[in-house]
Amino acid sequence: FAAAWCLVGIPKAQGAVLVPCRGLGSSAHRAREDSWLKSLFVRKVDPRKDAHSNLLAKRETSSLYKLQFHNVKPECLEAYNKLCQEVLPKIHEEKHYPCALVGTWNTWYGEQDQAVHLWRYEGGYPALNEVMSKLRQNKEFIEFRKERGNMLLSRKNQLLLEFSFWNEPVPRDGPNIYELRSYQLRPGTMIEWGNYWARAIRFRQDSNEAVGGFFSQIGQLYMVHHLWAYKDLQTREDIRNAAWHKPGWDELVYYTVPLIQEMESRIMIPLKISPLQ
């Protein structure tokens, strides 16, 4: 049979491609043609030898973090804070619990009547399991949870790892306000985000405002949290504006914005028991 030649429908900008078209070709030949056409549009995937978390997280530590969000009944917030300040230090500062309270806050701007707690489990998941097992046997903690539960509208938590290039969150003197900036990334972009922010964080170290940077492992996935400390809202504004005058900051922002699906900012005030004041 005579072979005819036809144009494959590829945009002109990419160049037209001629392939042989047969009115009565064999099924094997048509299969080869289909395979060749598909290969033009199939995205090649580079094999990875390690998990994203191992590439992004601190290797010198094995700490796991838990971020808790408690939405409190408005009329109960004062009682909730008092209860937490009385009970949490007694329970979690015991030496036989391998965990530490990093910070505890009330949201000032953002979601209202919300408490935010950040915990560190030194030793990763085994430490978390050990703490949870011991607390289930702690009568004071059981009573605390019951009383606390009557004050809450909802709650959620996430388990996080630290980015390797961010500061280690350590206690600091106050008074400060804290900003928790939370980013929901597009799935598959965490490595790209990490590559950009490994450079971007250098633009935000001059005023010691960078407290910690984390990414989620369990809970809402592809979530990134950046924690910042400022003396007040005006200082926050001045520091953020100053970053735009540093060569290279605008370019990094330009490339990270397309990776984001949603973002949220919380301005938070620390409780008296918070190591981050």
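Heads up: the structure comes first, above all this text.
Let me begin by describing the structure that accompanies this report. Values in this document were obtained by computation on a predicted structure and should not be read as measured data.

Helix and strand counts for the protein chain stand at 8 helices and 10 strands. Out of the 277 residues belonging to the protein chain, those deemed buried represent 43%. Counting only contacts in the protein chain whose residues sit at least 6 apart along the sequence, the fraction spanning at least 24 positions is 80%. For the protein chain, the exposed area adds up to about 16,000 Å²; of that, 53% sits on carbon and sulfur atoms.

Applying the stated criterion across every chain yields a total of 16 aromatic pairs. Seen in terms of ring centroids, phenylalanine 163 and phenylalanine 165 are 5.1 Å apart; in terms of plane orientation they differ by 25 degrees. Their pairing is stacked. Take phenylalanine 163 and phenylalanine 165: they sit in the same class, and that class is buried. Three or more aromatic residues joined by ring pairs make a cluster, and in this case those are Trp166, Tyr183, Trp193, Trp197, Phe203, Trp228, Trp244 and Trp249.

This brings us to empty space enclosed by the protein. Considering all chains together, one arrives at 1 cavity of 30 Å³ or more under this definition. Every residue lining the largest cavity is listed: Leu67, Trp105, Val116, Leu118, Leu160, Leu180, Phe214, His225, Leu227 and Met268. Among the elements of the structure, strand S5 (114-122) and strand S9 (223-230) are those that each provide at least two residues to the lining of the largest cavity.

This paragraph deals with the layout of surface pockets. Considering only enclosed or pocket space, the largest pocket measures out at about 310 Å³ in volume. Lining the largest pocket we find 19 residues, and of these Arg181, Tyr183, Trp197, Trp249 and Val253 sit closest to its centre. Those elements that place two or more of their residues in the lining of the largest pocket are strand S7 (177-185), helix H6 (190-200), S9, helix H7 (233-243), helix H8 (249-256) and strand S10 (260-270). With 4 residues, the single largest contributor to the lining of the largest pocket is H8. Partitioned by chemical class, the residues of the lining of the largest pocket number 13 nonpolar, 3 polar and 3 charged.

Another point: the packing of H6 against H8. Packed helices, taken two at a time, are described by the angle their axes make and the gap between the axes. Contact pair H6 / H8: the axes reach a minimum separation of 10 Å and the direction vectors enclose 160 degrees. Between H6 and H8, the interaxial angle falls into the category roughly antiparallel. Seen along the crossing, H6 lies across H8 with a hand that is left-handed. Along the contact surface, H6 presents Trp193, Tyr196, Trp197, Arg199 and Ala200, while H8 presents Trp249, Leu252, Tyr255 and Thr256. Residue composition of the contact of H6 with H8, grouped by class: 7 nonpolar, 1 polar and 1 charged.

Residue placement: alanine 200 occurs in helix H6. Filtering out sequence-adjacent residues up to four positions away, alanine 200 remains in contact with Trp249 and Leu252.

This paragraph deals with the sheet that holds strand S6 (residues 152-162). Sheet architecture is closed into a barrel: 8 strands sit in the order S3-S5-S4-S10-S7-S9-S8-S6, paired in antiparallel fashion. Taking the axes of each pair of neighbouring strands and ignoring which way they run, one obtains an average angle of 35 degrees across the sheet. Across 8 bridges, the pairing between S7 and S10 is antiparallel. Bridged to arginine 181 within S10 is serine 265. Against the sheet, helix H4 (residues 125-135) engages strand S3 (63-72), strand S4 (99-109), S5, S6 and strand S8 (210-218), with an angle of about 115 degrees to S5. Helix-sheet contacts for H6 involve S7, S8, S9 and S10, and the interaxial angle to S9 is about 25 degrees.

Relative to the assigned elements, glutamine 68 resides in strand S3. Side-chain polar atoms of glutamine 68 contact the side chain of tryptophan 119, separated by 2.7 Å.

To continue, consider the pattern of salt bridges. If you walk through the whole model with that rule in mind, you get 9 salt bridges. Among the ionic pairs, glutamate 111 bridges to arginine 266, the shortest N-O distance being 3.8 Å. Of this pair, glutamate 111 sits in the loop between S4 and S5 while arginine 266 sits in strand S10, and the two are 155 residues apart along the sequence. Looking at glutamate 111, the relative accessible area reads 33%, which means it is partly exposed. Using a relative accessible area of 3% as the deciding quantity, one classes arginine 266 as buried. The partner of arginine 204 in a salt bridge is glutamate 209, and the shortest N-O contact between them spans 3.1 Å. When sorted by exposure, arginine 204 lands in the same class as glutamate 209, which is buried. Among the charged side chains, a salt-bridge network with shared partners connects Glu111, Glu264 and Arg266.

The rules behind these values
- Residues numbered from 1 in each chain as written.
- Predicted model: local features only at pLDDT ≥ 70, side-chain atom pairs only at ≥ 80, totals over all residues.
- Heavy atoms only, no water.
- Helix = DSSP H or I, 4+ residues; strand = E, 2+ residues; numbered from the N terminus.
- Buried < 20%, exposed > 50% of the residue type's maximum accessible area, 1.4 Å probe, protein only.
- Contact = heavy atoms within 4.5 Å.
- Areas by Shrake-Rupley, 256 points an atom, 1.4 Å probe, with all protein chains shown as cover.
- Phe/Tyr/Trp six-rings, centres within 6.5 Å; stacked < 30°, edge-to-face > 60°.
- 1 Å grid on protein atoms, 1.4 Å probe; cavity = no way out; pocket = protein on both sides within 12 Å on 5 of 7 lines; lining within 4 Å.
- Points joined across faces, edges and corners; volume = space filled by probe spheres on them.
- Nonpolar A, V, L, I, M, F, W, Y, C, P; charged D, E, K, R; others polar.
- Axes fitted to C-alpha atoms, helices over the stretch in contact; angles between N-to-C directions.
- Parallel < 35°, antiparallel > 145°, perpendicular 65-115°, else oblique.
- Left-handed = near helix turned anticlockwise from the far one by under 90°.
- Pairing = 2+ DSSP bridges.
- Polar contact = N/O pair within 3.5 Å; in protein donor to acceptor, adjacent residues only side chain to side chain.
- Salt bridge = Lys/Arg side-chain N within 4 Å of Asp/Glu carboxyl O.

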